[in-house]
Amino acid sequence: MNSPMPDDFRKKIEQELESGNNSTRRPQRSKSKQRPDSKPYIKKTGHKNPDTPQNTRPGSRPPMGIQTTTLWEYPSQHYDSQLGNMQGRKDYTGATPSWVIYQLLKRYTNQGDTVLDPMCGSGTTLDVCKDLGRTGIGYDLNPHPQRPDIKQNDARKLPIDNNSIDFAFIDPPYSTHVDYSDDPRCIGKLDASQPADRTQTVMGQDYYQAMDAVLGELYRVLKPGKFLGLYVSDSWKKKKGKQGDQAGTFMPIGFELFSMMSQAFTPVDIICVVRHNNKLQRGNWHKSAEAENFYLRGFNYLFIMKKDPR
Ligand SMILES: C[S@@+](CC[C@H](N)C(=O)[O-])C[C@H]1O[C@@H](n2cnc3c(N)ncnc32)[C@H](O)[C@@H]1O
């Protein structure tokens, strides 16, 4: 990308989600008012009101209720698991918020179910499965080196039997916003804002064709009557040397993937997952968004689809 902004955007958001928002933390009582045990007073208020002061440190994050509206928010990238295990890898750029996967597994799976993530990255899905007693199967083109439980595989051809998976989750690359690996098969190398060459006229044709193959595989392996969750964001790419309305290209990746999936699956719902952009308050991110007439991504889509029973 030409500007550091879109390339670094997701990484910054992930770091922000990981660190939480210090400015919203409840101020400690003065010493004279502290309780006898002198522990800081941190009330676990739950996560439903985004304005509620909360502590997002490991060990004292708000309890995980079940989200009941289509607007999902939680003040941390991770939740405090029953097993005390971390979900995914902190150092992995582009990791999925583990609490999103937790919400899906709680709703759409039972103990012992088999859950597939064909783009498993740092293994977040597998760790949530472990926590909740589900059997996780994870593949990735470039598995995290410290995750031998993730097998290397191209998501366009899954080594899995038809109709054998109870739930599938996928968080694919959103065009070229993160450099995941040097593997030429990486879908994150396909630009959803560009025709691949002069013979193509459709924007992002190669990206969408690749994703179509992945979604086809997910449909094939899912048991009839079972569910798929796809977590994705739209994207915006800066054009070098351009200003104002010409400054960049908007890629409606969410709507495009939703429309592709709807051809085979039945849509169940669309969830909007809030991205905490607090770190973007620093630097000139917001100024640039205003000056160059684009928007910073404030949410991710979570599409829930069902493979119809036969
Ligand atoms: C957004 S990340 C997934 C993050 C993961 N859910 C986690 O929490 O760590 C997207 C992943 O897709 C993988 N990927 C890209 N193209 C792929 C392909 N053709 N087959 C399998 N994985 C692919 C990348 O290597 C990257 O790990």
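Here is what the cut-offs are and how they apply
Within each chain, residue numbers correspond to sequence positions counted from 1 in written order. With pLDDT at 70 or above as the cut-off, local features in this predicted model cover only qualifying residues; side-chain atom pairs require 80 or more to be listed or tallied, and sums for whole chains, interfaces and linings still use all residues. We count a stretch as a helix when DSSP gives it H or I for four or more residues in a row; a strand needs E for two or more, and each element gets its number in order from the N terminus. Field definition: a residue is buried when 20 or more other C-beta atoms are found within 10 Å of its C-beta, exposed when 12 or fewer are, and partly exposed for counts in between, with C-beta atoms placed from the backbone. Note on contacts: residues are paired as contacts if their backbone-placed C-beta atoms lie within 7 Å. Contact assignment follows one rule, namely that a residue is near a molecule or strand if its backbone-placed C-beta atom lies within 6 Å of it. Think of it as three bins: nonpolar holds Ala, Val, Leu, Ile, Met, Phe, Trp, Tyr, Cys and Pro, charged holds Asp, Glu, Lys and Arg, and polar takes everything else, Gly as well. Strands pair, by our definition, only if DSSP identifies at least two bridges between them. To get an axis, a line is fitted to the C-alpha atoms, and for a helix only the part in contact is used. The angle between two axes follows their N-to-C directions and goes from 0 to 180 degrees. Definition of nonpolar core: a set of buried Ala, Val, Leu, Ile, Met, Phe, Trp, Tyr and Cys residues joined via C-beta atoms within 7 Å. Between 65 and 115 degrees an angle is taken as roughly perpendicular, under 35 as roughly parallel, over 145 as roughly antiparallel, and anywhere else as oblique. Two helices cross in a left-handed way if the nearer one is turned anticlockwise from the farther one by less than a right angle. They cross in a right-handed way if the turn is clockwise. A residue's pLDDT is simply how confident the predictor is in it, with values from 0 to 100.

Undergrad: Is there a simple way to explain the overall build of the protein in this structure?
TA: In terms of regular secondary structure, the protein is built from six helices and 10 strands. When the 310 residues of the protein are sorted by exposure, 38% land in the buried category. Contacts in the protein between residues far apart in sequence, at least 24 positions, make up 64% of those at least 6 positions apart.

Undergrad: Looking at this model, I keep getting lost on the site of the ligand. Mind explaining?
TA: What surrounds the ligand is a group of 26 residues, the closest being M119, G121, S122, T124 and A155. Classifying every residue of the shell around the ligand gives 12 nonpolar, nine polar and five charged.

Undergrad: Even after reading the chapter, I still don't get the sheet that holds strand β2 (residues 114–117), so can you show me in this structure?
TA: Hydrogen bonding along the main chain pairs the strands of a sheet, whether they run parallel or antiparallel. Ordered in space as β1-β9-β10-β6-β5-β2-β3-β4, the eight strands form an open sheet in which the pairing is mixed. The sheet is open, and its two borders are formed by β1 (71–72) and β4 (150–152), each paired with just one other strand. Where β2 and strand β3 (residues 135–140) come together, four bridges link them in parallel fashion. Note that in β3 the partner of D117 across the bridge is G138. Contacts from helix α5 (residues 253–262) reach β6 (222–232), β9 (266–274) and β10 (299–306), with the element oriented near 170° to β6.

Undergrad: Can you help me understand helix α3 (residues 124–132) in this one?
TA: An α-helix turns once every 3.6 residues. As a result, residues three or four positions apart point the same way. Counting buried residues in α3 gives seven out of nine residues, a clear majority hidden from the surface. Buried residues of α3: T124, T125, L126, D127, V128, C129 and L132, and no others. Packing partners of the buried residues in α3 comprise α2 (98–108), β2, β3, β4 and β5 (165–170).

Undergrad: Where do I start with the nonpolar core in this structure?
TA: Taken as a class, soluble globular proteins show a tendency for nonpolar side chains to be buried jointly. Counting residues in each nonpolar core, the largest one holds 57 residues, and the members touching the most others are L105, F167, A168, L218, L228 and L230. Those residues within four positions of L218 in sequence are excluded, and the remaining contacts are P118, A168, I170 and L228.

Undergrad: Got a minute to help me understand the packing of α2 against α3 in this structure?
TA: Running from N to C, α2 and α3 point in directions that differ by 50°, and their axes come no closer than 9 Å. Accordingly, the angle class assigned to the pair α2 and α3 is oblique. For α2 against α3, the interelement crossing comes out right-handed. Counting all contacts with α2, which are made through S98, I101, Y102 and L105, the residues of α3 involved are T124, T125, D127, V128 and L132.

Undergrad: Is there a simple way to explain unusual backbone geometry in this structure?
TA: Excluding glycine, a negative phi dihedral is what most residues carry, and trans is how most peptide bonds are arranged. With phi around 65°, S175 is a residue other than glycine that occupies positive phi space. Its location among the elements puts S175 in the loop between β5 and α4 (205–221). On the neighbour-count criterion, S175 (26 C-beta atoms within 10 Å) is buried.

Undergrad: Please explain α2 as it appears in this structure.
TA: α2 sits mainly inside the fold: nine of its 11 residues count as buried. Turning to α2, its buried residues are S98, W99, V100, I101, Y102, Q103, L104, L105 and Y108.

Undergrad: I'm lost on the confidence of the model for the protein in this one. Help?
TA: The predicted coordinates should not be examined in detail at positions where pLDDT is low. Mean pLDDT over the protein stands at 81; residues scoring 70 or higher make up 76%. Below a pLDDT of 50 lies the segment residues 1–54, which in the model reaches 78 contacts outside its immediate sequence neighbourhood of four places, other chains included.

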